[in-house]
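Listed below, chain by chain, are the residues.
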Amino acid sequence: MLHDLFSPSVQHTLDLVGIFVFAISGALLAVRKNFDVFGMAVLAEVTALGGGLFRDLIIGAVPPAAFTDLGYFLMPLVATVLVFFLHPEVERTQTAVNVFDAAGLGLFAVTGTTKAYDYGLGLTSSAALGLATAVGGGVLRDVLANEVPSLLRWDRDLYAVPAIVGAAMVVLCIRFEVLNAYTSGTAVLTAFLLRLLAMRYHWRAPRAWNRRSTAREEPEKATAQ
Amino acid sequence: MLHDLFSPSVQHTLDLVGIFVFAISGALLAVRKNFDVFGMAVLAEVTALGGGLFRDLIIGAVPPAAFTDLGYFLMPLVATVLVFFLHPEVERTQTAVNVFDAAGLGLFAVTGTTKAYDYGLGLTSSAALGLATAVGGGVLRDVLANEVPSLLRWDRDLYAVPAIVGAAMVVLCIRFEVLNAYTSGTAVLTAFLLRLLAMRYHWRAPRAWNRRSTAREEPEKATAQ
Amino acid sequence: MLHDLFSPSVQHTLDLVGIFVFAISGALLAVRKNFDVFGMAVLAEVTALGGGLFRDLIIGAVPPAAFTDLGYFLMPLVATVLVFFLHPEVERTQTAVNVFDAAGLGLFAVTGTTKAYDYGLGLTSSAALGLATAVGGGVLRDVLANEVPSLLRWDRDLYAVPAIVGAAMVVLCIRFEVLNAYTSGTAVLTAFLLRLLAMRYHWRAPRAWNRRSTAREEPEKATAQ
């Protein structure tokens, strides 16, 4: 199967790392929203496993990996405990969290795309589902926290683009039959570095091209709620 | 199969039209919420494909049509590009968009109901799932945009009822074994016209029968956010 | 099958009762949010059937019970009609609704866990899915109503813990092969009583352990919206 790109144990370890850092971001948002410890655990689980869960439902891989691999389920609880006791420290290391989150983004985009292709999806659909795997958990996290998903907001650094690039590289490698551990690793790294650069230089995506340049900025208040 | 009511190419063309107009409404909401171009694309995809995706997951038709038919995936991107460059013009044609949206509503209610029945659901469940197919994308759009779904708000013109009528007509046709391209077309048209009339005359559904007529209108502010 | 713990007719009656009281809570929230009668029906259906629907999608039991059992679908409509005409009376009986809701919580946690185990999930995953069955509908209800899910908020009485205890008892009974109608009933009762006690004594879960005791309470305003 294509998605055994890395040795199983390496793959599994990488997955757990990605799940862990996504869970940290969920638990931190829960602290900011003043949720209790169960709210933290729920948001950690949803952020970490939501993207993969969506992918597995779409491709018909039920029960999803999130419910068959105990490590996947327990990792977010570990993240919850950590944030519960150490959240000022964890927030202070926000940069470190962001770096790990970028790694998780690249990793999930690549493994999501390959798994979708393994299950018979076309190349474009596989890339789209790889993107959904990478960003889905974060969107669910924001929806549950009753916030506008940061993925959609114009005032956040590029998040989808690095994942799209990673997924597209995988799809091209499949198309030209050069997908292996090295090319996959390159795709993960590319997405990872793009995300780091986007954060470093505050790259942003354009909003709709507004023909009336005098358009006032009221809509912004609406999104700021 | 029942859902080949129209010739395949006619059916497919109608589906693409429905997807396109739903996508326009998603992309326009994204512009109003000040999302960037990726937020527009996400909202366009979700609005256009969300209802059918939900239906396909429920009936076990995986991977869902949204991920197997490339046209379904690309149409919302075309809508996004259009709205990106021309959104003041598109908004000015809001009436046209509403008319197409009404057509999409009727079409998706009818095809959703027939597909659900094809997959073995009962008559009532098929109609319910047809309704969900027609309105599901719009609800997902509003949830992602962090708005109260306009489907649920009392101060919007009837939207669910036309879809329910269309779905109910299909179910009655199945029951009395007279479902064909003509009766299906009639159901689509009926739902379409009902929705147009609801918009024209601002038909609204009643709110809970409030025994204390002195009830103050504060709750309204809450929904207005 | 394990989930035929009670005689089928008893089980089905209990399910309908649980669905009914969950639907009441959905319809009441719709009234408070000033939704129209269709909004009430949608919120009633989602609250009552959402948790079970999620469980059935995860374990691959499609079409889900919500779409194959007509009673499951009609019960929320009955609740909607009731709340529509009698909502001041129903709100006055809020305590009664809360008691029934607690019963539904216990019941759905136990039946959700057993059904998940029947479909081949591990013990921990089964308990997690039992919890999701019990609380999922309420979370969906709050997301659709554009509220912070009350499950996540620190200022609500314990809701997840009673369900977790009920699910854990089932899992332990399975592990030690003593699951039957009596032990299941005991698990339901324990969850039910715990929830009643939590409401009576306002048990709450802790928020993140804040090392800086001078932390100001601004975040609360944010969640209060």
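Residues numbered from 1 in each chain as written. Chains lettered and ligands numbered in written order. Predicted model: local features only at pLDDT ≥ 70, side-chain atom pairs only at ≥ 80, totals over all residues. Heavy atoms only, no water.

S.K.: How would you summarise the UniProt feature "domain: Glycine transporter" (unreviewed entry) in chain A if you had to cite specific residues and measurements?
M.R.: Residue and element names in this part refer to chain A. As annotated by UniProt and renumbered to match this structure, "domain: Glycine transporter" (unreviewed entry) occupies residues 13-87 and 99-173. In this annotation, residues 13-87 is assigned 87% helix and 0% strand; the end-to-end C-alpha distance for the span is 24 Å. Secondary structure over residues 99-173 splits into 75% helix and 0% strand, and the C-alpha atoms at its two ends are 26 Å apart. (UniProt positions renumbered as here; feature names shortened; annotations may be inferred. Helix = DSSP H or I, 4+ residues; strand = E, 2+ residues; numbered from the N terminus.)

S.K.: Lay out the packing of helix α6 (residues 123-144) of chain A against helix α7 (residues 160-175) of chain A in plain terms, naming residues and giving numbers.
M.R.: All names here are of chain A. Across the interface, α6 lies against α7 with an axial gap of 9 Å and an inter-helix angle of 145 degrees. α6 and α7 meet at a crossing whose hand is right-handed. Judged by residue contacts, Leu123, Ala127, Leu131 and Ala134 of α6 engage Ala160, Ala163, Ile164, Ala167, Val171, Ile174 and Arg175 from α7. Class assignment of the residues belonging to the contact of α6 with α7 gives a composition of 10 nonpolar, no polar and one charged. (Axes fitted to C-alpha atoms, helices over the stretch in contact; angles between N-to-C directions. Left-handed = near helix turned anticlockwise from the far one by under 90°. Contact = heavy atoms within 4.5 Å. Nonpolar A, V, L, I, M, F, W, Y, C, P; charged D, E, K, R; others polar.)

S.K.: Quick one: what's the story with unusual backbone geometry, residue by residue and with numbers?
M.R.: In the segment running from valine 62 of chain B into proline 63 of chain B, the intervening peptide bond is cis, with an omega of -10 degrees. Located in the positive-phi region is asparagine 34 of chain A, a residue other than glycine, with phi close to 70 degrees. A relative accessible area of 11% means that asparagine 34 of chain A is categorised as buried. (Buried < 20%, exposed > 50% of the residue type's maximum accessible area, 1.4 Å probe, protein only.)

S.K.: With reference to specific residues and values, describe the relation of the copies chain B and chain A.
M.R.: Expressed as a screw transformation, the operator carrying chain B onto chain A has a rotation angle of 120 degrees and an axial translation of 0.0 Å, and the superposed copies differ by an RMSD of 0.0 Å. These values place the two chain copies in the arrangement generated by a three-fold rotation axis. Taking C-alpha positions as reference, the residue of chain B nearest the rotation axis is asparagine 146 of chain B, located at 3.9 Å. With a heterologous cut-off of 20% or less, the 12% of interface residues of chain B that recur at the interface of chain A puts this contact in the heterologous class. (Least-squares fit on C-alpha atoms with pLDDT ≥ 70 in both.)

S.K.: Please set out the packing of aromatic side chains residue by residue, giving values where relevant.
M.R.: Summed over all chains, the structure comprises seven aromatic pairs over all chains. Arranged with centres 5.1 Å apart and planes meeting at 80 degrees, the rings of phenylalanine 22 of chain B and phenylalanine 108 of chain B form a pair that is edge-to-face. Linking phenylalanine 22 of chain B in helix α1 (residues 8-32) with phenylalanine 108 of chain B in helix α4 (residues 94-118), this pair joins segments that are 86 residues apart in sequence. Look at phenylalanine 108 of chain B and you get buried, because its relative accessible area is 7%. When the ring centre of tryptophan 154 of chain A is taken as reference, the NZ or CZ atom of arginine 207 of chain A above it lies at 3.7 Å. (Phe/Tyr/Trp six-rings, centres within 6.5 Å; stacked < 30°, edge-to-face > 60°. Lys NZ or Arg CZ within 6 Å of the ring centre and 35° of its normal.)

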